[in-house]
Amino acid sequence: MKIHTLHFLVLVIIVVTGMYLFFYAQGNRSLQLTIGITSALAYVAWGLIHHAIQRDLYPKVVVEYVLMGLIAIVLLMTIFGP
Amino acid sequence: MWIQLRHLLTPHHTNNHRARALHVDALLLYVLVFAIFNVSFRLIYRIHPDILGYATDIRVEQLLTATNAKRQAAGLSSLQLNSVLSAAAAHKAQYMFQKNFWAHVAPDGKTPWDFIIGEGYHYTIAGENLAKNFSTSTTVVDAWMASQSHRENLLKSGYRDVGFAVVNGILNGEETTLVVQMFGTSNQLAVLPQVSPVKTEESRTAVVISEAASQSSISGEGRLATSLPLGFTAAYRQPLFDLPTVSRGAVLVFGGFLMALLIVDGWMIAKHRIVRVSGHTIAHMLFLTTLFISASAILQGTIL
């Protein structure tokens, strides 16, 4: 339980840092997109490391996190537009 | 019907205790749909910007009013619209389109001050703010105000004059609306032979440049009548569908659907204490929530 809490604390730090940097880069769309993609990659990495430590990292789980990261990226690209 | 919806939207033994709409193949489908959506929109925008494009309504008088409103709110004097500075701003915008760059200093080293002096406005202090691809005058000024360095420029007490140019063109292959705002103070009234100014203050940041000249020679007053930047005072476009509105709407609807699925999934899994092999629903919710909060604050345009 303690390790689980620690892992989620790390995740909170990742997403809050990503959000802070995103707001900090306000007005610079290419930098914001880079921050968004980096945050998505960090989230996927977090998911994989977390499940590997929990010993339940199966291919289906890997694909799920990768697709969540991709969904985040395509949604950001949609909002940013051409 | 009900059974199909339950299978699609809620965890149940028929879908291996995970809503069908959250299975990896469904997630892959969402990625593909939005990728196709993106490509289609970009194509339509390039081919028919009159059908799907950026609605734009930016006017110099609105920019001036908004700028002076911010200055007055900060207890500063209003700036006077100066047509010489506006001409300098228009030429700067044209130069950016011509040389295909987006920066305060051109690739050939030409600075904003070259444009200002080139129009005959000799300054004791001058500055420049840039913006591109905003939809309204208010959002342009609000974006400048949200950036510390641009706000400092906009609220500098030493400025007396301001000039604007709003210009449409093609930048990096894309239709772009540029807004150039040039500030200045000139203490010369007589027309004198042109002398290059001596810089006494270096540019402060890469974002907003502010320089002062200790020696001024030519006032812009003498060129007011001949330097009016006609055709650069407004940008107005009204496509059939506003691209940002359509895109944000699609993301909002899909985001709401995905979050609702995850909330139902998390609640039912916790309620029935189901153990399964999958990613963490709470982690997905946390990640997507921060994504949507961040995305809601994306400005349409860019400032420099």
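Our structure is the block above this text.
Presented here is a report on the structure given in the accompanying data block.

Rules used in this analysis
Residues numbered from 1 in each chain as written. Chains lettered and ligands numbered in written order. Predicted model: local features only at pLDDT ≥ 70, side-chain atom pairs only at ≥ 80, totals over all residues. Buried ≥ 20, exposed ≤ 12 C-beta atoms within 10 Å, placed from the backbone. Helix = DSSP H or I, 4+ residues; strand = E, 2+ residues; numbered from the N terminus. Arc of directions from axis to C-beta. Contact = placed C-beta atoms within 7 Å. Core = buried A, V, L, I, M, F, W, Y, C linked by C-beta atoms within 7 Å. Axes fitted to C-alpha atoms, helices over the stretch in contact; angles between N-to-C directions. Left-handed = near helix turned anticlockwise from the far one by under 90°. Nonpolar A, V, L, I, M, F, W, Y, C, P; charged D, E, K, R; others polar.

### With respect to helix α6 (residues 137-146) of chain B
Residues and elements named next belong to chain B.
- All of the buried residues in α6 are Ser137, Val140, Val141, Ala143 and Trp144. Burial along α6 is one-sided: seen end-on, the buried residues are contained in an arc of 155 degrees.
- Those residues of α6 that are buried are in contact with β2 (56-59), α3 (60-73), β4 (125-132), α7 (148-154), β6 (174-185) and β11 (302-303).

### A closer look at unusual backbone geometry
- The backbone of A:Arg55 sits at a positive phi, close to 60 degrees, despite the residue not being glycine.
- Inspection of the secondary structure assignment puts A:Arg55 in the loop between α2 (29-53) and α3 (59-80).
- Residue A:Arg55 is classed as exposed on the basis of its 6 C-beta neighbours within 10 Å.
- In this model, B:Asn16 sits at a positive phi of 60 degrees, which is unusual for a non-glycine residue.
- Of note, B:Asn16 is situated in the loop between α1 (2-9) and α2 (24-47).

### Overview of the nonpolar core
- Membership of the largest hydrophobic core comes to 43 residues, with the highest contact counts inside it found for B:Ile116 and B:Phe164.
- Going through the elements one at a time, α3, α4 (83-99), α5 (112-118), β4, α6, β5 (161-171) and β6 of chain B are the ones with two or more residues in this core.
- For this core, the leading source of residues is α4(B), giving eight residues.
- Not counting residues within four places of it along the chain, the set of residues in contact with B:Phe164 comprises B:Val60, B:Leu63, B:Leu64, B:Ser86, B:Ala89, B:Val179, B:Val180 and B:Gln181.
- Membership of the second largest hydrophobic core comes to 31 residues, among which are A:Ala40, A:Val44, A:Ala72 and B:Leu288.

### Brief notes about the interface of chain A and chain B
- Counting from both sides, the interface comprises 34 residues of chain A and, opposite them, 39 residues of chain B.
- For the side of chain A that touches chain B, the elements supplying multiple residues, two or more each, are α1 (2-24), α2 and α3 of chain A.
- Ranked by residue count, the leading element in the side of chain A that touches chain B is α3(A), at 17 residues.

### Let's talk about the packing of α3(B) against α6(B)
Residues and elements named next belong to chain B.
- The interhelical angle for the contact between α3 and α6, taken along N-to-C directions, is 35 degrees, at an axis separation of 9 Å. Pair α3 / α6 crosses with right-handed handedness. Of the residues in α6, those touching α3 at Gln62, Leu63, Ala66, Thr67 and Lys70 are Ser137, Thr138, Val140, Val141 and Met145.
- In the contact of α3 with α6, the residues fall into five nonpolar, four polar and one charged.

### So, the environment of A:Ile35
Residue and element names in this part refer to chain A.
- Tracing the backbone shows isoleucine 35 in helix α2.
- Taking the C-alpha atoms as reference points, isoleucine 35 and leucine 21, separated by 14 residues in sequence, lie 7.0 Å from one another.
- Apart from residues lying up to four places away in sequence, isoleucine 35 is in contact with Gly18, Leu21, Phe22 and Ala25.

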